[in-house]
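# Descriptive analysis of the structure
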Amino acid sequence: MGRYVIRRLLQFIPTVLGTMFLLHYLTSLAIQFSGNPVRALFGDRTPSPALLEAITERLGYGDPCLDQKGNPCFGMFLDRLQGIFLNFDFGINLRQREVTDLVADAIPFTLKLLVIAIVFEAVVGIAAGVLAGLRGGSFADYTVKISTVFVISVPIFVLGLIVREFVGVEFGNVLRGQSWIPDVISTGVFSPGFKPDYPWASLIIPGMVLGATSLAVTARLTRTSIMENIRADYVRTAKAKGLTTKRVIGVHTLRNSLIPVITFLGVDIGAAMAGAVVTETIFNVPGIGRLVTMSARTGESSVVIGVVTMLVLVVLVANLLVDLLYAVLDPRIRYE
């Protein structure tokens, strides 16, 4: 197992470097074609050439390669790698604030959103999949199949806007007009956007929106896997030995059926981080996703590269943990 983990950790190196260079090149192209992003700090005002040059050098946009369209700026990329991996320096934004400080302020909100989304899709998705898988062809099975297809077919930005308008605004206004309903529900849970006074309650609906599509996929994966394994020889053997239905389903069938589901949930962490960019923007959540969106709009390449690099590491570690869970769920799987 130790050699397996080391091999997987070594695979992180080219993946992280490739991702960082791709982001570096794209942001460099954006600056080369759109111009110096420092000018955005002054709005309609025209700064003096000396002031503009001083701030440009301070923020790291003074390299001559940024004036040459198509230049990959390898020197800047190497300097950035050295700063990140040797000094843990992810750079500063246009207001000269450390990227690590920006991430530290934003990441608690994104983590809360992800926890709600993952718990929602795992608990409800697996429960719906088990119910449909055990009762194939029943009303519950058709309900799960139709509802999951409907959810999968709706893009997350459309679903988010619909939920915010009809649940957070329209239905929320009705609840807020009722004095007997607690504020944590009417103003917190059913608010159209994030409320600092209700840091968990106001993230429940955004988290459910973020996890809705993955919930549908989880339910369909669980349903298919349950229907395959319930006819397997080892399940018939367990029944023939006289084991209770609860033990046959809970221990023998469900345990093996969860392997593809666990794989999907691990990979889905990366997709959820990407979906958080949209969800946090729609519901005005001050998390990592909105930070990336605002930084991309203002051309702050150091923030985009720094944040995405951290997210890549999170996704790779999550995938490693998923691979290690395989052997726990199925003893037939070995690391060597």
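Residues numbered from 1 in each chain as written. Predicted model: local features only at pLDDT ≥ 70, side-chain atom pairs only at ≥ 80, totals over all residues. Heavy atoms only, no water.

## Overview of the overall build of the chain
Inclusion rule: For the purposes of this entry, the term helix denotes a DSSP run of H or I that reaches at least four residues, the term strand denotes a run of E that reaches at least two, and both are numbered from the N terminus. Burial classes follow relative accessibility: with a 1.4 Å probe on protein chains only, a residue under 20% of its type's maximum area counts as buried, one over 50% as exposed, and anything between as partly exposed. Whether two residues touch is decided by their heavy atoms; if any such pair falls within 4.5 Å, the residues are in contact.
Of the regular secondary structure elements, the chain holds 12 helices and zero strands. Mapped in sequence order, the helices and strands of the chain form the string α-α-α-α-α-α-α-α-α-α-α-α. Seen along its three principal axes, the alpha-carbon backbone of the chain occupies a region of about 85 × 60 × 30 Å. When the 336 residues of the chain are sorted by exposure, 44% land in the buried category. Pairs at least 24 apart in sequence give 71% of the contacts found in the chain among residues at least 6 apart.

## Looking at the UniProt feature "transmembrane region" (unreviewed entry) in the chain
Applicable threshold: UniProt positions are given in the numbering used here, feature names are shortened, and annotations may be inferred rather than shown by experiment.
Per the UniProt record, "transmembrane region" (unreviewed entry) is found at residues 12–33, 113–134, 146–163, 200–221, 257–283 and 303–329. Split by type, residues 12–33 is 100% helix and 0% strand. Its first and last C-alpha atoms lie 32 Å apart.

## A word on the packing of helix H9 (residues 233–240) against helix H10 (residues 245–282)
As a reminder, the rule being used: Axes here refer to lines fitted to C-alpha atoms; in helices the fit is confined to the stretch in contact. Angles between the N-to-C directions go from 0 to 180 degrees. What sets the label is the angle itself: under 35 degrees gives roughly parallel, over 145 gives roughly antiparallel, 65 to 115 gives roughly perpendicular, and the rest give oblique. The classification used treats Ala, Val, Leu, Ile, Met, Phe, Trp, Tyr, Cys and Pro as nonpolar, Asp, Glu, Lys and Arg as charged, and all other residues, Gly among them, as polar.
Look at H9 against H10: their axes get within 10 Å of each other, and the N-to-C directions meet at 170 degrees. By the angle class used here, H9 and H10 are roughly antiparallel. For the pair formed by H9 and H10, the contact residues are Tyr 234, Val 235, Ala 238 and Lys 239 on the first element and Val 248, His 252, Thr 253 and Asn 256 on the second. Residues belonging to the contact of H9 with H10 are distributed by class as follows: four nonpolar, three polar and one charged.

## With respect to the environment of Ala 54
As for its position among the elements, Ala 54 is in helix H2 (residues 49–59). Residue classification places Ala 54 among the partly exposed residues on the basis of a relative accessible area of 47%. Distance in space between the C-alpha atoms of Ala 54 and Gly 91 is 17 Å, their sequence separation being 37 residues.

## Observations regarding the state of the cysteines
Quick note on the threshold: Any two cysteine sulfur atoms within 2.5 Å of one another count as a disulfide.
The full count for this structure, using the stated rule, is one disulfide. Disulfide pairing places Cys 65 opposite Cys 73 at an S-S distance of 2.2 Å. Here the disulfide of Cys 65 and Cys 73 is right-handed, its torsion about the S-S bond being about 115 degrees. For Cys 73, a relative accessible area of 2% gives the class buried.

## Quick notes on the pattern of salt bridges
Defined as follows: Criterion for a salt bridge: a side-chain nitrogen of Lys or Arg within 4 Å of a carboxyl oxygen of Asp or Glu.
Considering all chains together, one arrives at three salt bridges under this definition. Among the salt bridges present, the one from Asp 105 reaches Arg 97, with a minimum N-O distance of 2.2 Å. Judged by its relative accessible area of 42%, Asp 105 is partly exposed.

## Observations regarding the domain arrangement of the chain
The parts lose accessible area when they come together, and the size of an interface is often stated as this lost area. Note the following rule: Start and end points for every domain follow an automatic or database-based domain assignment.
Entries for the chain in the domain assignment read domain 1 (1–87) and domain 2 (99–298). Computed over C-alpha atoms only, the centres of domain 1 and domain 2 are separated by 35 Å.

## Some thoughts on the packing of helix H6 (residues 156–176) against H10
Formally: Crossings are classed by handedness, with left-handed meaning an anticlockwise turn of the near helix from the far one by less than a right angle and right-handed meaning a clockwise turn.
Look at H6 against H10: their axes get within 10 Å of each other, and the N-to-C directions meet at 25 degrees. Judged on the interaxial angle alone, H10 and H6 are roughly parallel. Judged by the sense of rotation from one axis to the other, the crossing of H6 with H10 is right-handed. Along the contact surface, H6 presents Ile 156, Phe 157, Gly 160, Leu 161 and Arg 164, while H10 presents Gly 275, Val 278, Thr 279 and Ile 282. Here the residues of the contact of H6 with H10 sort into five nonpolar, three polar and one charged.

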